[in-house]
Each structure stands twice: as C-alpha cells, then as structure tokens.
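Letter by letter, the chains look like this.
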Amino acid sequence: MSNLGTAQNPLRAAIVGSGPSGFYAAEALLESKQTVLVDMFERLASPFGLVRSGVAPDHPKLKEPIRVYQQIAESPQFRFLGNVTVGRDISVEELKGCYHAVIFACGAETDRKLGIPGEHLAGSHAATEFVGWYNGHPDYRDLVFDLSHETAVVIGQGNVAVDVCRILCKTVDELRHTDIAGHALEVLAQSRIRDVYMIGRRGPAQAKFTHQELRELGELADCDPILVADDLELNPASREELADRHNRASSKSYEVLQAFAARPAPTRHRRCHIQFLKSPKALKGEGRLERVVLVRNCLEGEPSQQVARETGEVEELACGVLFRSIGYRGAAIPGVPFDDRRGVIPNQDGRIIDGQNVVPGLYVTGWIKRGPTGIIGTNRADSVATVASLLADLPHLPAGAKSGAGGLTALLQNRTVRVVSYADWQKIDAAEVRRGAAAGKPREKFTSVEGMLKVIVDSE
Ligand code: NAP
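So, here's what we can say about the structure. (Residues numbered from 1 in each chain as written. Predicted model: local features only at pLDDT ≥ 70, side-chain atom pairs only at ≥ 80, totals over all residues. Heavy atoms only, no water.)

**Re the nonpolar core**
Judged by nonpolar contacts, the single largest core of 53 residues is most densely connected at Phe-130, Tyr-134, Leu-168, Leu-217, Ile-274 and Phe-323. Split by domain, the residues of this core number at least three in each of domain 1 (11–109 + 329–420) and domain 2 (113–325). For Tyr-134, the contacting residues outside a window of four places in its chain are Ala-56, Pro-57, Asp-163, Val-164, Ile-167, Ile-180, Ala-181 and Ala-184. Ranked by size, the runner-up nonpolar core spans 43 residues in total, among them Val-38, Tyr-363, Ile-428 and Val-449. (Core = buried A, V, L, I, M, F, W, Y, C linked by side-chain atoms within 4.5 Å. Buried < 20%, exposed > 50% of the residue type's maximum accessible area, 1.4 Å probe, protein only. Domains from an automatic or database assignment. Contact = heavy atoms within 4.5 Å.)

Below is the structure:
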C-alpha cells in the first residue's frame, strides 16, 4: 500500500500558473483528505493571472475572488514561487523530479489571428494586448496605441470586445479612480476617438457578450450606443434559438439591443456602434491602417449551429485603429504535449496525454485545458475535476519521497533567478496600494518586474 499523501510522505504537487484555475486547483488539493504540499510557479512577480491583468479596471467586483486566493496562499501547506518561468528557468523534467504531480494552469497567453491581408499594419492590434496594456501587464506596458484618430473598430462580440469598447468610450473621469495603469489613463485622456464600431460576423442572437456587460454600454457618461433597428431582424432559425429556454441569456441580450435601437437620436460626444453580420476581409492603408474592408454575411445552418456565409456585398469603413477581439489562444510549453490546432494541452479528464498515452504525473486545468471560454468561476469546477483525476491516480503514482521547491533552490540560484515569495508579493501589493492612494485609486500597479523587485530589495 502506498503511503503517498500521508503525513510521513506528503503528496508534493506543483501548479504552473497563478490565475483562477491554478488557485482553484490548489484549493481542491488542500481541501482533500490527503496530506498535500502545494508549490505554485508563476512567471510574473505578481499572482492572480487574468483577475489582475484581464478583468477590466472598472469591474472591481469581478476581482473579489482574489480574497479567496489570498486565503489559499496563506495556508502553511502552500508556497508561491513568482518570477520563475517553467520551460525556461526550470524545465518540466526538473519539475517532475521534485514533485509527484505537476498541474499546468497557465491559461491562454496569446491571441487568435484573423488571417487576412493587412492584419499586421500599424494600428491593427489584438484586443488582448490592449487589455494587458491598460491593466499594466509588464509584457504589454511598452506597446503604443495611437488613439489620435476618430474611428476605432473592434472585431468580435464577446465580453472582451465589450470591455475594449467601454474603455475606449468612457470619459477619463469614469476611469480615474479605478486601478487602470497610469500610462493608459494618460493616453486615453488624449484620445480623439468619437466612433467605436463593435462588429460581429454573425447576428444579434449569436453574439457572445452577456447582457450585464452589454447593458453597461448604454450607461456611459458621454457615449450613446447606436444600433440600426433593421439589424435586429431575425431569420427563423435565430428566432428559434432565442425562443429556446436554455438560451435565456441571449434573449436578455437581445432585449438590451432592442432597447438601444429604440433610444432617441444620439447627443453625446462618443458613439458605440454595434453591427452584425459583417466580417473583415482586409485591412488597408499606406504604411498604417486607414480602413477595413468588410463583407456582409448571411446565416446558414440549423438553429444553434448557424455559421456566417459571405454574400459578396462589400463595404469599406475608414478607421485609425482596430482591435481583433476573437479569442485568446494557449501557448505551448517546452516539454509538454500541445494541440497546436486547438491551442490547448491534450488531456483526458485533466490527465495530459501524448497521442493516446497518459503522461504519468502531468495534469492540466483551466483555459489551457478546455480553451478560452467561461467566466472566472467556471475554472473552479474544472480544477476540482482535474484534482479528482489526480487523487484517483494516487495509488499508481511513484510514491518515493520528493523534495518540492527545496530541490530547486540551488538550481534557481545558479541560474540567477530571484524567486518572489508570497511574503515578497505582499510587500509589492502594499506598495501598489500606497502608490494608488495618492491618486484616489485602489492601487497603482508596478508595470515592470524590475519595479516590483526593487520594492523587495528596498524593504530588506
Ligand atoms: P468569446 O466570448 O469567445 O468571443 C469571441 C468573439 O469573436 C465571438 O463574437 C466570435 O464570433 C468572434 N470571432 C471568432 N473568430 C472570428 C473571426 N475569424 N472573425 C470574426 N469574428 C470572430 O471570447 P472573448 O471575448 O475573448 O472572451 C473569452 C472568455 O472570457 C469568455 O468566456 C468571456 O465571457 C470571458 N470574459 C468575461 C468577462 C466578464 O464576465 N465581464 C469579461 C471578459 C471576458 P462567433 O460567435 O461567430 O465565433
């Protein structure tokens, strides 16, 4: 009988990534009946993944799960190792040598491309970059977004697209007291954008945004939502979709869209146009983006499976900046199988597989397991399921004692990696809150790893 998971031989688990799925995996492990020691590896010096760098700054309530993550992080069985990139600073093989199980919870770090001519013109961006930039993520801090034009286009109609439209359409006063990065607030304060177009390839019944997020576009201080009533006409299959009681969320969004279309003529400084059944065919301009070529679509297929088909009718829309908001995409980690087509780590019930074979001791959860869908809470059930697979495997995992992070200390030191502990992070956190207080913000984030490490050094 294996004694793995007992006080004599605790299960040593590494979690790679410190976003929601990573913390929910840690929670499930720590709440299990086994004795478990969890080490969480994070490439940034700060934890919390997209809750810190993805959730919009003007949505503080959505950041509340951080309180739960803080409690998990303060457990004596938990250790945070920030500023360590798995696959670069330490290899997956080295991790496997120190842990009985490794759970990859590293999210979807890149974005999907449109694959159309002109996509790489200056002025054409991934929405995910803009989101990282206004949230002070160190990878995106130095990007330049030229908002000196009057028209911005956002391709896609998910909640990220709504976030981007809202941030572009809000006044500085609406953003000033959020935790938006200071550099972003400065650029947004100079923005000349007056018209923002959020363009979907399918119809109003298929839009992915949720009604709560959509409704906010009608509650902005100096922006009107614009919708042409004709755009809300539905084909029979779409009517059937909205009548389906499982589709209540979409019918609520449709009601919000109807209310937008019925509003009186716009009077505000900015306008957010919501348009359907159009796909970008090409981006054009001399040296930089000047216009987007759009093709009109129609819908084909059975209810709930309708796809956009081009009609051949083409129009051009002049714009100075465009954000493709068509989904995040997972990135491969050296030493871990990867499904390049789907952008996920292939798995069966959270057990990583290589071809048909399960790779013993390697697990996956969150967006890098199932793709970039669902809200923060969706990751909880996902991580509970992965941890259930891991715990079911316990009798079959090699039971020899493992060192955990202790076995990596010398190695990381030799590689001059300054590991950021949870106590270190708490100092950075407190410094951010202090910096923000002066400006009436919940925090002013450090936007470079060097800036964060300096806080730690200064406190020593
Ligand atoms: P998403 O919800 O999957 O939306 C992606 C959008 O891109 C859809 O409208 C999709 O249209 C469109 N699209 C995909 N490929 C396209 C193409 N080639 N050309 C044109 N359009 C294309 O993704 P997301 O907005 O990135 O959000 C990711 C997840 O995070 C979602 O689950 C979202 O709800 C969540 N999130 C939640 C919040 C919040 O709760 N406030 C905020 C942000 C994000 P089709 O439907 O036709 O594919």
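Once the structure has been displayed, the description carries forward.
**A few points about the pattern of salt bridges**
Enumeration according to the criterion identifies 39 salt bridges in this entry. For Arg-329, the salt bridge identified is with Asp-340, shortest N-O distance 3.1 Å. One end of the pair, Arg-329, is in strand S15 (residues 328–329); the other, Asp-340, is in the loop between S15 and strand S16 (347–348), with eleven residues separating them in the sequence. The salt bridge partner of Asp-429 is Arg-443, with a shortest N-O separation of 2.7 Å. (Salt bridge = Lys/Arg side-chain N within 4 Å of Asp/Glu carboxyl O. Helix = DSSP H or I, 4+ residues; strand = E, 2+ residues; numbered from the N terminus.)

**What to know about helix H10 (residues 236–243)**
Think of an α-helix as turning once every 3.6 residues; residues three or four places apart then point the same way. Every buried residue of H10 is listed here: Ala-237, Ser-238, Glu-241 and Leu-242. Buried residues in H10, looked at end-on, bunch into an arc of 135°, giving them a common side. Residues Pro-236, Glu-240 and Ala-243 are exposed on H10 and point more than 90 degrees away from its buried face. Tucked inside the fold, the buried residues of H10 contact helix H11 (248–261) and strand S12 (291–300). (Arc of directions from axis to C-beta.)

**Let's talk about the site of the ligand**
Lining the immediate surroundings of the ligand are 21 residues, of which Gln-157, Arg-201, Arg-202, Glu-213 and Gly-374 lie closest. Residue Arg-202 places a side-chain N or O atom 2.8 Å away from an oxygen atom belonging to the ligand. One of the side-chain nitrogen or oxygen atoms of Glu-213 is found 2.8 Å away from a nitrogen atom of the ligand. Out of a free accessible area of 920 Å², the ligand has 83% covered by protein chains. The element best represented in the shell around the ligand is helix H6 (residues 159–169), accounting for three residues. Grouping the constituent residues of the shell around the ligand by class yields seven nonpolar, eight polar and six charged. (Near = heavy atom within 4 Å. Polar contact = N/O pair within 3.5 Å; in protein donor to acceptor, adjacent residues only side chain to side chain. Areas by Shrake-Rupley, 256 points an atom, 1.4 Å probe, with all protein chains shown as cover. Nonpolar A, V, L, I, M, F, W, Y, C, P; charged D, E, K, R; others polar.)

Purely geometric numbers; function is a separate question.
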